[in-house]
Amino acid sequence: MAKATEQIQYETDDPNRIQDVGWTFKEVWRRTRGFVVTSVNLIIFFILWEIVTTYGNINSLFLPKASAMFQELWIGMTTRAPEGAVFSGSILDHFLHSFKNLMTGLAIAMAIGIPGGLLMGGNKYVESILSPYVWALASLPRIALVPLFILFLGFTTTMQVTIIVISAVFPIVINAWAGVKTTEKSLLAAAKVFGANRVQLYYKVVLPYTLPFIISGIQQGIGRGLIGVVIAELFGGSNGLGYLIQRSADTFNTAMTFAVLLLLIVMSLSLINFTRWLEAKVAPWRNVNHL
Amino acid sequence: MQITNENIIVAEDLTISYDLHRERKKLIALQDINLEIKKGEFVVLVGPSGCGKTSFINAVSGLIPKSGGSVKVRGEEVTAPGPDRAMVFQDYALLPWRTVESNIRLPYELQNLGISEEEKKQRVKNCLELVDLAGFEKSFPYELSGGMKQRVGIARALATNPDILLADEPFAAIDAMTREAMQAEMERIVSETGQTCVFITHSIDEAILLGDRVVVISYRPGKIKEIVNIDFPRPRMNNSEVKISKTYAELRDHIWNLVKDEAMQTTRGE
C-alpha cells in the first residue's frame, strides 16, 4: 500500500519526466501535413479541370475552364458597378448585399433564438406553450414559406432577411433549449450544496454549460441561413448572389455561375470554421470530434 | 481525530420517499432512520445499490426534502444547504470551464462567508496543499486524472472549512491503486481537520479501513440493519498490521454476511 503511494509520488514529481524533443522533420510534417495535402489536392483538382476542359470535347456552356472561372471571380470581386447603375455585374456588389442580409438575419435569429431557447429550457410552462410551434415550424421545409413571405412583404430586402431569420432561428432555439435541459445534475447539485440560489444556478452553471450548445446552434444556423439567402434571392429579388447565379445562367455566362458557387462554398466554410474555432476556444473541455 | 460526546447530526425517524409519477406510486427510499453521529466521527454507510444511502446524505446536506421524521445538525432542523456542510461527489462535479483554483473558490462566490479576500487566498492555498495539488492551480479539470479531479473535489469541499464532510462514493470511479492512495489521503485530511465525515461506499474494505462506525442499511425500504463499531487504531492506511489481522477478516466476513442477502436481492430486482 505504502509502496503504491510512493511510486505515484515519484512519477509525478520527477523533473526528467517531460523531456524536450525539439523540432524534427517528423514533427513539422505532423503539424503541416493537413494543410499541405489539402493544398496539393485542390491544385491538382483545378489543373485536371483545366486540362479536361481545354483538350476534352466539352462545351464551355456547360463546364467552363477553371481559369475562366477564376478570372470571372477576380474581375467580379475587384470591380464595382458605377453610381446609378440599374443592374450590377459585379460579384462584389451582390456578395456584399447577400453577406449583409445574412449577418442581419443571423443577428436577429440569435436575438430571438438564444433567449427563447433559454426560457424554454428553464421554465416548464414556457416550454409546453412554445414547443408545439417550434417543432411545427422547425419541421416545415422553410422553402415552402417563401411564396407567402413574397406575398406579405413583396420583393424586398425585408422579405429576404425574414426568410434568413426563419431558416436560422430554429437550430439556435433547439440547441439552447437542449443545452439547458441537459445540464449535468451533479453540477447543479454541487452548486446548490455550496450555496447557490436560483439566479446563481443559472448564471454560474446553466449558462456556461449551455454556451457551446448555443455556438453549435449558431453554426447550424449559418448553414440554414445561407440556404435561406440563396432561396430568397432566387425566388424574389434583383440583387444578391442567388440572383446573380440565376442571371448568369440565364445569360449563358457559366463561368460567372461557377465563380459565384465557388464564392458561396468559400464563404460558408469560412463562417462554419470560425464557429468551430470559437467553440473550441470557449469550450475546450468538450473535445468534440468534428467531421 | 478526537471523537467528542457532542451529537452533531441527529436523525429521528427519518423517512424519505420519491414520487414515481408514471406509476402514480410512492417509493420509500429510507424508513425510520434513527442515527446519532458524534462530532469528529467517521461514519461509513454501506448497503446495496438503491438502498437510500445517497438519500440520507442528501437529506443531511439539505438538497432533498424529507417525507417524515427529522434530521438535525447541531440541534437545528435541516431545511437548506449551508456552509457548515460540504459534499464530495462520485463524478467529481467540477465545473469544466473553471480552473482548479476557480473551482475551489466557487463556494466563496456563491455565499457570503464574511471572510476577507486575504483569508480566501490563504485558505485556497492551504486546501491545495492539503490535497497535494499545489502547482496545478491554473489547470483545467479535463487536463487532470481521475484521482487528481477528486482531490480538487475534496479541496473545494474543504474551502468553507465545514464541520461536516459528506462523501457520496467519492472513489468509486477511481482505479484500484489510486483508490488506496486516496483513502490514505482521506484519512489523513479528516484527522488533520477534525471534521465529522459521513461516507458512502460499496467497498467493505474501504468501510472498515476508514470508518469509526459502519452503518449497514437494508434494501428497499432502507432501514438500519446493524451498526458495526471499528476499533482499529489510526492511522490505519499505512499500517499493514490492520489488513492481515484476524479481527479485520472477522469484521469483513460479518459485514459481508449482513449485505450479502440484500445484494442478492438487488441483482434479482426484487
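Just so it is clear, the structure is predicted and the values come from calculations on it, not from any experiment. Going along each chain's sequence as written, the residues are numbered from 1 onward. Both sets of labels track the order of writing: A upward for chains, 1 upward for ligands. Side-chain atom pairs in this predicted model are given and counted only at pLDDT of 80 or more, local residue features only at pLDDT of at least 70, and totals for whole chains, interfaces and linings cover all residues. The side-chain figures draw on all heavy atoms in the structure; neither hydrogens nor water molecules are used.

**Comments concerning the domain arrangement of chain B**
Residue and element names in this part refer to chain B.
Turning to step 1, where the next piece is worked out: Segment limits for the domains were obtained from an automatic or database-derived domain assignment. Annotation of chain B at the domain level lists domain 1 (7-84 + 163-268) and domain 2 (94-161).
Turning to step 2, where the next piece is worked out: Its C-alpha centre places domain 1 at a distance of 25 Å from the equivalent point of domain 2.
Turning to step 3, where the next piece is worked out: Of the roughly 1,100 Å² buried between domain 1 and domain 2 on both sides combined, carbon and sulfur atoms contribute 65%.
Turning to step 4, where the next piece is worked out: Buried area: the accessible area, evaluated with a 1.4 Å probe, that two parts lose upon being put together, summed over both parts. Of all residues in domain 1, Pro83, Met182 and Ile189 bury the most surface against domain 2, accounting for 39% of the area lost on that side.

**Observations concerning the sheet that holds strand β3 (residues 42-46) of chain B**
All names here are of chain B.
Turning to step 1, where the next piece is worked out: Two strands pair under a simple rule: DSSP has to find at least two bridges between them. Counting from the N terminus, the helices are the DSSP runs of H or I reaching at least four residues and the strands are the DSSP runs of E reaching at least two. Taken in spatial order, the six strands make up an open sheet running β6-β7-β8-β3-β9-β10, and their pairing is mixed. Since the sheet does not close on itself, it has two edges, and those belong to β6 (85-88) and β10 (224-229), each with one partner. Taken over all neighbouring pairs, the strand axes of this sheet differ in orientation by 20 degrees on average, direction set aside.
Turning to step 2, where the next piece is worked out: Note: β3 against strand β8 (residues 196-200), four bridges, orientation parallel. Note that in β8 the partner of Phe42 across the bridge is Cys197. Axes, fitted as lines to C-alpha atoms, cover a helix only where it is in contact. Angles between the N-to-C directions of the axes lie from 0 to 180 degrees.

**Considerations on unusual backbone geometry**
Residue and element names in this part refer to chain B.
Turning to step 1, where the next piece is worked out: Residues other than glycine seldom take positive phi values, yet Asp32 does so here, at roughly 45 degrees.
Turning to step 2, where the next piece is worked out: Mapped onto the secondary structure, Asp32 falls in strand β2 (residues 25-38).
Turning to step 3, where the next piece is worked out: The exposure class of Asp32 is partly exposed, given its relative accessible area of 44%.
Turning to step 4, where the next piece is worked out: Although it is not a glycine, Glu169 adopts a positive phi angle of roughly 45 degrees. For each residue, the accessible area found with a 1.4 Å probe, counting protein chains only, is set against the maximum for its type, and the residue is called buried under 20%, exposed over 50%, and partly exposed in between.

**Digging into the nonpolar core**
Turning to step 1, where the next piece is worked out: What we call a nonpolar core is a set of buried Ala, Val, Leu, Ile, Met, Phe, Trp, Tyr and Cys residues that are connected through their side-chain atoms within 4.5 Å. Ile9, Phe56, Ile154, Leu165, Met186, Phe199 and Val214 of chain B are the most contacted members of the largest nonpolar core, which totals 103 residues.
Turning to step 2, where the next piece is worked out: Both domain 1 (7-84 + 163-268) and domain 2 (94-161) of chain B contribute no fewer than three residues apiece to this core.
Turning to step 3, where the next piece is worked out: The contact rule is simple, with two residues in contact once any of their heavy atoms fall within 4.5 Å. Setting aside its immediate chain neighbours within four residues, Ile154 of chain B contacts Val88, Val131, Phe171, Met182, Met186 and Ile189 of chain B.
Turning to step 4, where the next piece is worked out: Within the second largest apolar cluster, 48 residues are counted, among which are Ala109, Ala168, Val230 and Ile245 of chain A.

**Overview of the confidence of the model for chain A**
Residue and element names in this part refer to chain A.
Turning to step 1, where the next piece is worked out: Mean pLDDT for chain A: 86, with 91% of residues reaching 70 or above.
Turning to step 2, where the next piece is worked out: The predictor reports its confidence for every residue as pLDDT, a score running from 0 up to 100. Per-residue pLDDT, averaged within each element of chain A, yields its smallest value for helix α1 (residues 2-13) (44) and its largest for helix α4 (residues 91-122) (93).
Turning to step 3, where the next piece is worked out: For residues 1-11, every residue scores under 50 in pLDDT, and the model assigns this stretch eight contacts once sequence neighbours within four places are set aside.

**Section: the sheet that holds β2 of chain B**
All names here are of chain B.
Turning to step 1, where the next piece is worked out: If you trace the four strands from one edge of the open sheet to the other, you get β2-β1-β4-β5, paired in antiparallel fashion. The open sheet has two edge strands, β2 and β5 (76-77), and neither has a second partner.
Turning to step 2, where the next piece is worked out: Pairing between strand β1 (residues 7-20) and β2: 10 bridges, direction antiparallel. Looking at β2, one finds that Ala11 is bridged to Leu35.
Turning to step 3, where the next piece is worked out: Taken strand by strand, helix α1 (residues 53-61) contacts β1, β2 and β4 (68-73), and its axis lies near 115 degrees from that of β1.

**Notes on helix α5 (residues 176-193) of chain B**
Residues and elements named next belong to chain B.
Turning to step 1, where the next piece is worked out: End to end, α5 covers 26 Å across 18 residues, agreeing with the expected 26 Å (1.5 Å per residue, within 8%).
Turning to step 2, where the next piece is worked out: Buried within α5 are the following residues: Thr178, Arg179, Ala181, Met182, Gln183, Ala184, Glu185, Met186, Glu187, Ile189 and Val190.
Turning to step 3, where the next piece is worked out: Phi turns positive, to about 70 degrees, at Gly194, one or two residues after α5. Expected helix span is computed as 1.5 Å times (number of residues minus one).

**Here's the deal with a nonpolar patch on the surface**
Residues and elements named next belong to chain A.
Turning to step 1, where the next piece is worked out: A cluster of nonpolar side chains, namely Phe25, Trp29, Phe35, Val36, Val37, Val40, Ile43, Ile44, Ile47, Leu48, Ile51 and Tyr55, defines an oily patch on the protein surface of about 1,300 Å² accessible area.
Turning to step 2, where the next piece is worked out: Following the sequence through the fold, Ile47 ends up in helix α2 (residues 25-55).
Turning to step 3, where the next piece is worked out: Note on Ile47: relative accessible area 46%, which makes it partly exposed. Candidate patch residues must exceed 30% relative accessible area and have no salt bridge, after which like charges are joined if within 9 Å and Val, Leu, Ile, Met, Phe, Trp or Tyr side chains if within 5 Å. For the accessible areas, the method is Shrake-Rupley and the probe is 1.4 Å, while residue cover comes only from the protein chains on display. The salt bridge definition used is simple: a Lys or Arg side-chain nitrogen within 4 Å of an Asp or Glu carboxyl oxygen.

**Observations regarding the pairing of β3 of chain B**
Residue and element names in this part refer to chain B.
Turning to step 1, where the next piece is worked out: In terms of burial, β3 is largely enclosed, as five of its five residues are buried.
Turning to step 2, where the next piece is worked out: Side chains Phe42, Val44 and Val46 project from β3 onto one buried face, and the interleaved Val43 and Leu45 project onto a second face that is buried too.
Turning to step 3, where the next piece is worked out: Sheet topology note: the β3/strand β9 (residues 213-217) ladder contains four bridges and is parallel. Residue pairing across strands places Leu45 opposite Val215, the latter belonging to β9.

**As for the pattern of salt bridges**
All names here are of chain B.
Turning to step 1, where the next piece is worked out: A full pass over the atoms with the stated rule returns 21 salt bridges over all chains.
Turning to step 2, where the next piece is worked out: The residue Asp163 makes a salt bridge to Arg74 at a minimum N-O spacing of 2.7 Å. Residue Asp163 is found in the loop between α4 (146-158) and β7 (164-168), and its partner Arg74 is found in the loop between β4 and β5; the two are separated by 89 residues along the sequence.
Turning to step 3, where the next piece is worked out: Judged by its relative accessible area of 27%, Asp163 is partly exposed.
Turning to step 4, where the next piece is worked out: Residue Arg74 is classed as partly exposed on the basis of its relative accessible area of 39%.
Turning to step 5, where the next piece is worked out: In this structure, Arg85 engages Asp84 in a salt bridge whose closest nitrogen and oxygen atoms are separated by 3.1 Å.
Turning to step 6, where the next piece is worked out: Here Arg85 falls in the buried class, since its relative accessible area comes to 9%.
Turning to step 7, where the next piece is worked out: Salt bridges sharing common partners tie together Arg151, Glu185, Arg188 and Glu192.

**Overview of the packing of helix α6 (residues 146-153) of chain A against helix α7 (residues 157-181) of chain A**
Packed helix pairs are characterised by how far apart their axes lie and by the angle those axes make with each other.
Residues and elements named next belong to chain A.
Turning to step 1, where the next piece is worked out: Between α6 and α7, the least distance of the axes is 9 Å, while the angle of their chain directions is 145 degrees. Note on packing geometry: the crossing formed by α6 with α7 is right-handed. When α6 is examined against α7, the residues Val146, Phe149, Ile150 and Leu153 are found in contact with a partner set consisting of Thr158, Met159, Thr162, Ile163 and Ile166.
Turning to step 2, where the next piece is worked out: When residue character is reported, Ala, Val, Leu, Ile, Met, Phe, Trp, Tyr, Cys and Pro are called nonpolar, Asp, Glu, Lys and Arg charged, and the others, Gly included, polar. Residue composition of the contact of α6 with α7, by class: seven nonpolar, two polar and no charged. Should the near helix be turned counterclockwise from the far one by less than a right angle, the crossing is left-handed, whereas a clockwise turn marks it as right-handed.

**Description of the interface of chain B and chain A**
Turning to step 1, where the next piece is worked out: With 28 residues of chain B at the contact, the number on the chain A side is 22 residues.
Turning to step 2, where the next piece is worked out: Of the roughly 2,400 Å² buried where chain B meets chain A, counting both sides, 71% is carbon and sulfur surface.
Turning to step 3, where the next piece is worked out: The interface formed by chain B and chain A includes one salt bridge.
Turning to step 4, where the next piece is worked out: Salt-bridge contacts for Glu109 of chain B lead to Lys204 of chain A; the nearest nitrogen and oxygen are separated by 2.8 Å.
Turning to step 5, where the next piece is worked out: Polar contact criterion, stated in full: a pair of N or O atoms within 3.5 Å, where within protein one must be able to donate a hydrogen and the other to accept it, and residues adjacent in sequence count only if both atoms are side-chain atoms. The interface formed by chain B and chain A contains five residue pairs in polar contact (both at pLDDT 80 or more).
Turning to step 6, where the next piece is worked out: Mapped onto the side of chain B that touches chain A, the elements with two or more residues apiece are β6, α2 (100-110), α4 and α5 of chain B.

**Quick word on the state of the cysteines**
Residues and elements named next belong to chain B.
Turning to step 1, where the next piece is worked out: Here, two cysteine sulfur atoms that lie within 2.5 Å of each other are counted as a disulfide. Counting across every chain of the model gives zero disulfides over all chains.
Turning to step 2, where the next piece is worked out: With no disulfide of its own, Cys127 lies closest to Cys197 among cysteine sulfurs, the gap being 15 Å.
Turning to step 3, where the next piece is worked out: A relative accessible area of 7% means that Cys127 is categorised as buried.
Turning to step 4, where the next piece is worked out: Note on Cys197: relative accessible area 0%, which makes it buried.

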